[in-house]
Amino acid sequence: MSETKTDAYPSALPPSAAELAEWNALTRDEQIARVREFFAHPDCETFTDETAEDIIAAARQRAAARRG
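Residues numbered from 1 in each chain as written. Predicted model: local features only at pLDDT ≥ 70, side-chain atom pairs only at ≥ 80, totals over all residues. Heavy atoms only, no water.

1. Notes on the packing of aromatic side chains
Then, number 1: Considering all chains together, one arrives at one aromatic pair under this definition.
Then, number 2: Where phenylalanine 38 meets phenylalanine 39, the ring centres are 5.2 Å apart and the plane angle is 90°; that geometry is what we call edge-to-face. (Phe/Tyr/Trp six-rings, centres within 6.5 Å; stacked < 30°, edge-to-face > 60°.)

2. Structural notes on helix α3 (residues 52-67)
Each α-helix winds once per 3.6 residues, and so residues spaced three or four apart point in a common direction.
Then, number 1: Taking 1.5 Å of rise per residue, the 16 residues of α3 would be expected to cover 22 Å, and the 22 Å separating its terminal C-alpha atoms lies within 8% of that figure.
Then, number 2: Positive backbone phi, approximately 85°, marks glycine 68, located one or two places after α3. (Helix = DSSP H or I, 4+ residues; strand = E, 2+ residues; numbered from the N terminus. Expected span 1.5 Å × (residues − 1).)

3. Here we look at a negative patch on the surface
Then, number 1: Together, Asp49, Glu50, Glu53 and Asp54 make up a region of like negative charge exposed at the surface.
Then, number 2: Structurally, aspartate 49 can be placed in the loop between α2 (28-40) and α3.
Then, number 3: With a relative accessible area of 82%, aspartate 49 lands in the exposed category. (Patch = residues over 30% accessible without salt bridge, like charges linked within 9 Å, V, L, I, M, F, W, Y side chains within 5 Å. Areas by Shrake-Rupley, 256 points an atom, 1.4 Å probe, with all protein chains shown as cover. Salt bridge = Lys/Arg side-chain N within 4 Å of Asp/Glu carboxyl O. Lys, Arg positive; Asp, Glu negative; His and termini not counted. Charge placed at Lys NZ, Arg CZ, Asp CG, Glu CD. Buried < 20%, exposed > 50% of the residue type's maximum accessible area, 1.4 Å probe, protein only.)

Keep in mind these numbers describe shape, not what the thing actually does.
And the structure:
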């Protein structure tokens, strides 16, 4: 996929300055490849009873845990 060594992927949450810098450092082709990879994941085909608010709250918790 990408030759750039970074874990930058699209996010539903606003990125930190460092995450945004990593994403912007990727070429357009690398960004497109990562977005395609992201949406090709099997979880994108899964239906859930969770609301959008539930999903956003869980994503915020994961992001906060990553940031420490």
